[in-house]
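# Working through the structure, step by step
The primary structure of each chain is shown beneath.
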There are 2 protein chains.
Amino acid sequence: MGIRTPFAERFSLTYPILLAPMGGIAGGRLAAAVSNAGGLGLVGGGYGDLEWLETELALARQGTRRPWGVGVITWHAGIEAVNLALRFRPDVFFLSFGDPRPFAALIKDAGCALICQVQDVDAAQQAKAAGADVIVAQGTEAGGHGAVRAALPLVPSVADAVAPTPVLAAGGIAEGRGLAAALMLGAQGAVVGTRFYACQESLGHPSAKRRIVDADGGETVRTHMFDVVRGYAWPAPFTGRALRNRFTARWAGRDDELARSLDEERPRYQAAAAAGDFETAVVWAGEGVDLIADVPSAAEIVQRIGTEAERRLGMASGLIV
Amino acid sequence: MGIRTPFAERFSLTYPILLAPMGGIAGGRLAAAVSNAGGLGLVGGGYGDLEWLETELALARQGTRRPWGVGVITWHAGIEAVNLALRFRPDVFFLSFGDPRPFAALIKDAGCALICQVQDVDAAQQAKAAGADVIVAQGTEAGGHGAVRAALPLVPSVADAVAPTPVLAAGGIAEGRGLAAALMLGAQGAVVGTRFYACQESLGHPSAKRRIVDADGGETVRTHMFDVVRGYAWPAPFTGRALRNRFTARWAGRDDELARSLDEERPRYQAAAAAGDFETAVVWAGEGVDLIADVPSAAEIVQRIGTEAERRLGMASGLIV
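Definitions and limits used
- Residues numbered from 1 in each chain as written.
- Chains lettered and ligands numbered in written order.
- Predicted model: local features only at pLDDT ≥ 70, side-chain atom pairs only at ≥ 80, totals over all residues.
- Heavy atoms only, no water.
- 1 Å grid on protein atoms, 1.4 Å probe; cavity = no way out; pocket = protein on both sides within 12 Å on 5 of 7 lines; lining within 4 Å.
- Points joined across faces, edges and corners; volume = space filled by probe spheres on them.
- Nonpolar A, V, L, I, M, F, W, Y, C, P; charged D, E, K, R; others polar.
- Axes fitted to C-alpha atoms, helices over the stretch in contact; angles between N-to-C directions.
- Helix = DSSP H or I, 4+ residues; strand = E, 2+ residues; numbered from the N terminus.
- Parallel < 35°, antiparallel > 145°, perpendicular 65-115°, else oblique.
- Left-handed = near helix turned anticlockwise from the far one by under 90°.
- Contact = heavy atoms within 4.5 Å.
- Pairing = 2+ DSSP bridges.
- Buried area = accessible area lost by both parts, 1.4 Å probe.
- Salt bridge = Lys/Arg side-chain N within 4 Å of Asp/Glu carboxyl O.
- Polar contact = N/O pair within 3.5 Å; in protein donor to acceptor, adjacent residues only side chain to side chain.
- Buried < 20%, exposed > 50% of the residue type's maximum accessible area, 1.4 Å probe, protein only.
- Arc of directions from axis to C-beta.
- Least-squares fit on C-alpha atoms with pLDDT ≥ 70 in both.
- Right-handed = clockwise from strand over helix to strand, strands pointing away.

### A look at empty space enclosed by the protein
Residues and elements named next belong to chain A. Taken as a whole and assessed by the stated rule, the structure comprises 1 cavity of 30 Å³ or more. Of the volumes computed, that of the largest cavity is approximately 40 Å³. Taken together, G45, G46, Y47, G48, L53, V72, H76, A77, G78 and A81 form the lining of the largest cavity. For the lining of the largest cavity, a count of residues per class yields 5 nonpolar, 5 polar and no charged.

In structure tokens form, the structure reads like this:
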């Protein structure tokens, strides 16, 4: 079985399911596991720690013979990280959050497919102009960094704006119903993040995975405060969606005050993060957490999403009178 | 042709498309037109002007022999408005924004189906406990009042929480791709608002309809300010999604200051609203405005959404290998 779209065919996928390149979470072992299960696994380059990236890229490269890829935070990435990643010959390179033009030619000249993630229609058109082979329309319900528009209306709008460039949907997709819906919206596949955070191969802390399992979708919030305390100067319009905790309650509406308290707050935050104290440290998570109730293997997640989407798609024509 | 779900069958609908009961916009003529086209038309009771309501209910009652209904703002509605509406023998009664319990028994005892619109999973469970026959999961992308959770992950979460009670999706659905996606998410139909605002039979001002046609999805904002200036004390967590204009730019982040300036600002606002000056007056609209490019008849909209959804659903099984 499997789900066929032009995007899935291009990368020989059984199911058009991409692992979101979650920084520090989507390591090489997880990326390889997703690719081996018939999805497309991406290593999350995050803020560009070159040693970490080299280790994880090697694990992905060695871990799968199927197509795989890597993603970086565009505004933060350096040319060293991009060149390092390209040396491992990934099949796809995923750029999100910023202008893709500084890296687009380099990536495409290396024979690597360029996937650009965007959060609005204007950025989609810019990504197309920059040479994107595939465009991801990311809704505000997504975990981690993103912006304000919701996926259900954004995906068809982006698909119309960049046709015939293939579009994928991201945001709040944690199971087969979401993938089937994405395909009906005109997407050729779905990017899945939070669901893979809470899987066995993810590099997330076990306590963070447990929090995702326990949380409901009303317990997430889009905020700057984790960027402020960590010292990352994210440009507008990006904020990060995370689980609410004591830290978000304490600093709600007080980004400026937090910024003035960093001498005290940053060491405290770093200690909490090191200790796995997620009442202070961030757990990036999307509104799909309602739909996440366990910590299975990555292969099991790919299989579940794929077969449930198949089941829904198979019933669709039966709805027509 | 048509799309069959248990909800559609219960009300003999050709397509499971509900007209959102937009206050002051969804009058009796529009409701009847949607029902006559094979959808389910609802008169929008809004803030409960009894004379307006009686006129519009009579138009709906006289305008269609098919099932139709009425909706009110639950926290604001008085028992007089509910009783008045029930005298016109609507087939469905749509309660949104507040505790449905004060009216649930009255509505159901009148033989009228009770549809409750909710914005999160807890409220869905409360609506089910109150006796709702159908529950609408409304995403933040919806125009007009609503809350923060996005539809793509909310709809399946609500469907799981209240099964086997039928669920409809609302928010950002303006065409057939959205309806097809809603059905894949586990909904039995879709509530459509903004798309019908910009139709011939809607009571919206022609300039407001033109603004919806011209706007893109990034031009909407969720705000309290139009409630503040009009003097409606909406309870948490509800805000209204509207098109950005000079008024929203001027008062952004200054709700409190606006509240202190009402002696001057309210008459100015009311004059603008009366004059059709939508640089000051509100145009409620959802993020689906990207997908709206004309002002057709209501019947044409039902037909377009329905046939496009049929086309997408009909192709779905072809995606399976």
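### Concerning the packing of helix α2 (residues 28-36) of chain A against helix α3 (residues 50-63) of chain A
Residue and element names in this part refer to chain A. It is the contact of α2 with α3, at a shortest axis distance of 7 Å, that shows an interaxial angle of 25 degrees. Considering the angle they form, α2 stands roughly parallel to α3. Where α2 crosses over α3, the handedness of that crossing is right-handed. Along the contact surface, α2 presents G28, R29, A31, A32 and N36, while α3 presents E56, L59, A60 and G63. When the residues that make up the contact of α2 with α3 are grouped by side-chain class, the tally is 4 nonpolar, 3 polar and 2 charged.

### Things to note about the sheet that holds strand β2 (residues 41-44) of chain B
All names here are of chain B. Spatial strand order, β1-β9-β8-β6-β5-β4-β3-β2: 8 strands in an open sheet with parallel pairing. Strands at the two margins of the open sheet, each flanked by one partner only, are β1 (17-19) and β2. On average, each strand axis in the sheet is inclined to that of its neighbour by 30 degrees, with strand direction left out of account. Relative to strand β5 (residues 113-118), strand β4 (residues 92-96) is paired through 5 bridges, and the arrangement is parallel. Looking at the pairing, S96 lines up with Q117 of β5.

### With respect to the interface of chain A and chain B
A common way to state how big an interface is: give the accessible area lost once the parts meet. In this assembly, 44 residues from chain A lie in contact with 44 residues from chain B. Carbon and sulfur atoms make up 64% of the surface buried where chain A meets chain B, a total of about 3,600 Å² over both sides. Across the contact surface, chain A and chain B share 5 salt bridges. A salt bridge links E287 of chain B to R149 of chain A; the nearest nitrogen and oxygen atoms lie 4.0 Å apart. Linking chain A to chain B there are 14 residue pairs in polar contact (both at pLDDT 80 or more). Ranked by residues supplied to the side of chain A that touches chain B, first place goes to helix α7 (residues 151-162) of chain A with 7 residues.

### Things to note about helix α5 (residues 101-109) of chain A
All names here are of chain A. Turning to α5, its buried residues are F103, A104 and I107. End-on view of α5: buried residues confined to an arc of 120 degrees, all on one side of the axis. Of the residues in α5, the exposed ones pointing more than 90 degrees away from the buried face are R101, P102 and D109. Those residues of α5 that are buried are in contact with α4 (79-87), β4 (92-96) and β5 (113-118). Backbone geometry just after α5 places G111 at a positive phi near 80 degrees.

### Comments concerning the packing of helix α3 (residues 50-63) of chain B against helix α4 (residues 79-87) of chain B
Residues and elements named next belong to chain B. As a packed pair, α3 and α4 sit with axes 10 Å apart at the nearest point and diverge in direction by 15 degrees. Relative to α4, the element α3 lies roughly parallel. Crossing of α3 against α4: the hand is right-handed. Between α3 and α4, the residues in contact are L50, L53, E54 and L57 and E80, A81, L84 and A85, respectively. Across the contact of α3 with α4, the residue classes break down as 6 nonpolar, no polar and 2 charged.

### Digging into the relation of the copies chain A and chain B
Of the two same-sequence chains, chain A is brought onto chain B (RMSD 0.0 Å, axial shift 0.0 Å) by a rotation of 180 degrees. The relationship between the two copies is best expressed as a two-fold rotation axis. Minimal C-alpha separation from the rotation axis in chain A is found for A181 of chain A, amounting to 2.0 Å.

### Some remarks on the pairing of β4 of chain A
All names here are of chain A. The buried count for β4 comes to 5 of 5 residues, which makes it a mostly enclosed element. Of the two faces of β4, the one carrying V92, F94 and S96 and the one carrying F93 and L95 are both buried. Examined bridge by bridge, strand β3 (residues 68-73) and β4 share 5 bridges and lie parallel to one another. The partner of G71 across the bridge, within β4, is F94. In this fold, the crossover linking β3 to β4 by way of α4 has right-handed handedness.

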